[in-house]
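Working through the structure, step by step
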Amino acid sequence: MPETPTPDSELTADQRKKVDKFMRGLKRRNPGEPEFHQAVVEVLETLTPFLDDHQKYRDGYILERMTEPDRIVSFRVTWQDDRGRIHADRAWRVQFNNSIGPYKGGLRFHPSVNQGVLKFLGFEQTFKNSLTGLPMGGAKGGANFNPKRRSDREVMRFCESLMIELHRHIGDDIDVPAGDIGVGARELGFMFGTYKRLANRFTGILTGKGLSFGGSHVRKEATGYGCVYFMEHMLNHIDDSVEGKTCIVSGSGNVALYAMQKLLNLGAKVVAASDSGGTIYDQDGIDRDKLEWLKDLKEKRRGRVSEYAEKFGCEYREGATPWSIPCDLAFPCATQNELDEEDAEELVKNGLVALAEGANMPSTHSAIRVFRRERILFGPGKAANAGGVAVSGLEQSQNALRLSWSAGEVEARLQGIVKEIHERCIEYGNHSDGHVDYLKGANIGGFVKVADAMLAYGVV
Ligand code: NDP
Ligand code: 2IT
């Protein structure tokens, strides 16, 4: 029996050398940004054989250009808390690549935000947005502000102050931010309201807006729903489905909650969710009523998952992630590098069939290696969580047309886009024996359109 190819053995010694050489340069130019290095090497390892067969991209210096953001804006956000104390936080907008459309990507408010994190997110966003087939470039932004335990007024003051600077750099044909960790309906409302006053224009400069002021139906649900649709496509491709599967989800924010909702709609059983405090393990399953309670807890009361365990009398694992809980399907939907090599080995040992990344880069590089070695169906974030930005793109279209599509119409379009993303992954990731390498498929599938546009523009 020939040995199953691993990501490493797919590269020849010469290709490995090229990757290492490129990475040495990238690390030298971008010191102290490990997440950015990780996002780039993951792309390079799957892209290198393709580049060897398509010399025009190497001649065009495309990789070197695509790993350098078009521009980064960094600024101070000064605001006053309820006790009158002054705070000076730091914010950025990384406008990574606008080759195929105006910059597009979320804003994250979390104490862990720094320039390197936003560069990894903006780099991945460029590929993800390309995969959607919509005209959107890649960007990401955010601040090291921690909205937890802040009053609504404090969050409002922060958002106003941030937008006073950010509004100079965005626009409906320039750059259109949205939400991400720590940025949801409340924050987007405050930011849009401030923009509108500053610019005296009512245009779609943000997505994820409230339904009463230009938001799209299904945007709130889109990332979680899209992730589950992508999983369903991966399983359908091997004549299987989500129905009846035992699932674990990490996080309990926007992406996690609506991934759970769609899983329940498709007849799966969800037994775990988490937040930064710990994990709930509900062996009876989080049913519809319990999920409604959890949504209220997280979206309105801003509570902790430990309260779910108290309310419904299930197991709570303080400080733990869900990865040791046996399951068929796993959905990391919290944050980057939340699932490491050991977790991956444990999931595989417990019978994991497939994993779809609702979060951006939740699996470490060595965890991915385990999944690929074991030929687990692995849906990378660029493909599996693209449903959110896809509906953001649809929100932009509705704003430009000055109309609003029904929930049914938006969801049908979302389903169509996810189906096409899955097909694109197969086009570029299919092995001769029928196994689909979704990581390779998504990386090459996202790359080609952006690279071709860059070649068309000449030396820019
Ligand atoms: P939310 O802020 O709504 O929820 C984030 C969830 O993840 C919370 O449960 C939070 O727990 C948990 N979490 C965040 N950081 C950490 C951490 N360092 N350690 C442990 N748990 C953590 O964010 P979203 O649901 O919007 O985003 C989740 C992921 O999905 C991110 O990776 C984001 O980039 C990605 N994503 C989001 C999209 C969107 O449309 N919103 C689209 C595509 C991807 P706690 O509350 O305790 O901090
Ligand atoms: O990571 C992501 O794709 C998002 N946070 C959503 C971006 C968007 O513009 O909707």
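The structure displayed is predicted, hence computed values, not measured ones.

A look at the overall build of the chain
The number of helices and strands found in the chain is 17 helices and twelve strands. Against the compact-globule benchmark of 23 Å for 460 residues, the chain has a radius of gyration of 21 Å, which places it among compact chains. Expressed along its principal axes, the backbone C-alpha trace of the chain runs to roughly 70 × 60 × 40 Å. Counting across all 460 residues of the chain, residues that qualify as buried make up 58%.

Some thoughts on the sheet that holds strand S2 (residues 86-97)
Pairing is mixed in the open sheet, where five strands are placed in the order S1-S2-S4-S3-S5. Looking at strand neighbours, the two that pair on one side only are strand S1 (71-80) and strand S5 (175-178), the edges of this open sheet. Recorded for the sheet is a direction-independent mean angle of 20 degrees between the axes of neighbouring strands. The sheet contact formed by strand S3 (residues 103-109) and strand S4 (residues 138-143) spans three bridges and is parallel. Following the sheet pairing, phenylalanine 109 is matched in S4 by alanine 143.

Topic: the site of ligand 1
With respect to spatial proximity, 25 residues lie near ligand 1, and among them Asp180, Thr223, Ser276, Arg304 and Asn360 are the closest. Taking aspartate 180, its side chain carries an N or O atom lying 2.7 Å from an oxygen atom of ligand 1. In this structure, alanine 334 approaches ligand 1 through a main-chain N or O atom, which is 3.5 Å from an oxygen atom. Here ligand 1, which alone exposes 870 Å², has 83% of that area covered by the protein. Secondary structure elements with two or more residues in the shell around ligand 1: helix H8 (219-237), helix H9 (254-265) and strand S7 (269-275). Considering only residue class, the shell around ligand 1 consists of five nonpolar, 13 polar and seven charged.

What counts and what doesn't
- Residues numbered from 1 in each chain as written.
- Chains lettered and ligands numbered in written order.
- Predicted model: local features only at pLDDT ≥ 70, side-chain atom pairs only at ≥ 80, totals over all residues.
- Heavy atoms only, no water.
- Helix = DSSP H or I, 4+ residues; strand = E, 2+ residues; numbered from the N terminus.
- Rg over C-alpha atoms; globule rule 2.2 N^0.38 Å.
- Buried < 20%, exposed > 50% of the residue type's maximum accessible area, 1.4 Å probe, protein only.
- Pairing = 2+ DSSP bridges.
- Axes fitted to C-alpha atoms, helices over the stretch in contact; angles between N-to-C directions.
- Near = heavy atom within 4 Å.
- Polar contact = N/O pair within 3.5 Å; in protein donor to acceptor, adjacent residues only side chain to side chain.
- Areas by Shrake-Rupley, 256 points an atom, 1.4 Å probe, with all protein chains shown as cover.
- Nonpolar A, V, L, I, M, F, W, Y, C, P; charged D, E, K, R; others polar.

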